[in-house]
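# Close look at the chain arrangement
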Amino acid sequence: MNELQELVEGVYRDLKNHIGEGKVADYIPELAKVDPRQLGIAVATLDGGLHVAGDADTAFSIQSISKVFTLTLGLGKVGDTLWTRVGREPSGSAFNSIVQLEYEKGRPRNPFINAGAIAVADLILAGHQPREVIGEIVHFARFLAGDDSIVIDHEVAKSEAETGYRNIALANFMRSFGRLDHPVEHVLGVYFHHCALAMSCSQLARAGLYLAAGGNDPVLGSRVVSRERARRINSLMLMCGHYDGSGDFAYRVGLPGKSGVGGGILAVAPGKASIAVWSPGLNEYGNSQVGAAALELLAQRTGWSIFGS
Ligand SMILES: NC(=O)CC[C@H](N)C(=O)O
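Since we're looking at a predicted model, the values are computed, not measured. Numbers given to residues run from 1 along each chain, matching the order in which its sequence is written. With pLDDT at 70 or above as the cut-off, local features in this predicted model cover only qualifying residues; side-chain atom pairs require 80 or more to be listed or tallied, and sums for whole chains, interfaces and linings still use all residues. Hydrogens and waters are ignored; side-chain quantities use all the structure's heavy atoms.

### Some details on the site of the ligand
Every residue near the ligand is listed here: Tyr27, Gln63, Ser64, Phe95, Asn114, Glu160, Asn167, Tyr191, Cys195, Tyr243, Gly260 and Val261. We call two N or O atoms a polar contact when they sit within 3.5 Å, provided that within protein one can donate a hydrogen and the other can accept it, with sequence-adjacent residues counted only if both atoms are side-chain atoms. Between Gln63 and the ligand, the recorded distance is 2.5 Å, taken from a side-chain N or O atom to a nitrogen atom. In the model, an oxygen atom of the ligand is placed 2.7 Å from a nitrogen or oxygen of the Tyr191 side chain. Residue exposure ignores everything except the shown protein chains as possible cover, and the areas themselves are Shrake-Rupley values with a 1.4 Å probe. Here the ligand has 290 Å² of accessible area as a free molecule, and 100% of this is covered by the chains. Whether a residue is near a molecule or strand is decided by its heavy atoms; if any one of them lies within 4 Å of it, the residue is near.

Okay, structure coming up:
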């Protein structure tokens with residue numbers, strides 16, 4: 001058996017007794033229904049290989065991991081102008097925090113906290129209807145994953161729209177500073193739907209490959225973003241991808257990563273692989289507890305760290 005496949009299976013085996021640890025996100029009712037006793041691991045390598053273990057082919061709600069794709073789309077549409085709307089500093093605050101927004105006059109710290117992703121959703125709307133933009137995001141995810149079966153879970157989107165008081169507050173707050181160009185309902189329509197994309201670890205690992213391969217999709221042989229942009233997106237993932245848990249994640253795993261409250265994490269080992277893990281139970285920062293442990297073991301055993309092997 002392939003060495004990497006063996007390693008991935010070993011990580012799964014060693015964490016088997018921990019599966020179910022952490023707390024499933026319950027502020028989105030539809031996510032509260034997910035069985036926490038699941039763990040998936042998928043590693044997509046630059047040569048097109050895919051190594052999986054556990055529940056790697058079960059689709060889950062990717063939530064904030066989708067913010068990597070909307071940031072990529074946003075940068076593609078408006079380039080560096082995007083940074084006039086949103087910063088690129090770690091927030092040190094919870095993903096749904098509102099406190100900094102007032103001090104910083106409605107300009108979110110980075111594109112991965114909720115406020116920042118809402119600002120990016122506004123930007124990519126660019127005068128279009130939410131439906132068109134949501135379609136564009138789904139197509140982009142399908143293109144990256146090379147899989148046309150990827151869809152949005154409309155129950156999750158609806159569930160979040162019905163209970164998303166925080167996000168509604170954040171969007172209204174930004175609008176009060178004149179920071180959103182479109183109606184709050186349209187912007188949040190895009191945001192809630194992209195968060196509700198359902199993907200498996202295998203699909204997600206495949207979709208993140210362009211970030212590991214200097215912006216080029218090594219399987220399709222087509223360029224997704226420039227080398228420089230891929231590097232910059234990775235830097236944002238490292239500094240901001242796990243909110244106020246980003247320092248801990250960098251310390252333990254040493255790779256750029258983006259988490260979602262569905263329990264998924266996409267991590268990038270530049271020049272080597274794109275890795276997706278999923279286990280629904282979350283730690284106190286809203287990041288997958290067992291997922292992060294899986295990445296920590298994987299990084300240790302492969303020697304993949306941007307800080308040295
Ligand atoms: N961290 C996350 O995944 C949060 C995304 C979720 N859709 C929210 O807005 O609360």
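The rest of the description comes next.
### Observations regarding the domain arrangement of the protein chain
Per the annotation, domain bounds derive from an automatic or database assignment of domains. Here the domain parsing of the protein chain yields domain 1 (3–60 + 199–219 + 227–302) and domain 2 (64–197). Once you take the C-alpha centre of each, domain 1 and domain 2 turn out to be 21 Å apart. Here a residue-residue contact requires only that any non-hydrogen atoms of the pair lie within 4.5 Å. Contacts between the two partners involve 32 residues from domain 1 and, on the opposite side, 35 residues from domain 2. Roughly 2800 Å² of surface becomes buried between domain 1 and domain 2 when both sides are summed, with 71% attributable to carbon and sulfur atoms. By salt bridge we mean one thing: a side-chain nitrogen of Lys or Arg within 4 Å of a carboxyl oxygen of Asp or Glu. The tally of links from domain 1 across to domain 2 stands at 0 salt bridges. Where domain 1 packs against domain 2, one counts 6 residue pairs in polar contact (both at pLDDT 80 or more). If you list the elements that add at least two residues to the side of domain 1 that touches domain 2, you get helix H2 (29–32), helix H10 (201–207), helix H11 (209–212), helix H12 (227–240), strand E8 (257–259) and strand E9 (264–269). Summed over both partners, buried area is the accessible surface (1.4 Å probe) that two parts give up on being assembled. Only DSSP runs of H or I with at least four residues qualify as helices, and only runs of E with at least two residues qualify as strands; both kinds are numbered from the N terminus onward.

### Re the pairing of E9
E9 sits mainly inside the fold: 6 of its 6 residues count as buried. Only protein chains enter the area calculation, which uses a 1.4 Å probe; residues under 20% of their type maximum are buried, those over 50% are exposed, and those in between are partly exposed. A two-sided burial pattern is seen for E9, the buried positions comprising Gly264, Leu266 and Val268 on one face and Ile265, Ala267 and Ala269 on the other. As paired elements, E8 and E9 share 3 bridges and run antiparallel to each other. Paired with Ser259 across the two strands is Ile265, which belongs to E9. Criterion used throughout: strands pair if DSSP finds at least two bridges between them. Remark: 4 residues form the turn of the hairpin made by E8 and E9, two consecutive strands paired antiparallel; Gly263 in that turn has positive phi of roughly 100°. The sheet contact formed by E9 and strand E10 (residues 273–278) spans 6 bridges and is antiparallel. When the bridges of E10 are listed, Ile265 appears paired with Val277. Where E9 folds back on E10, the antiparallel hairpin that results is connected by 3 residues, among which Gly271 adopts a positive phi of roughly 80°.

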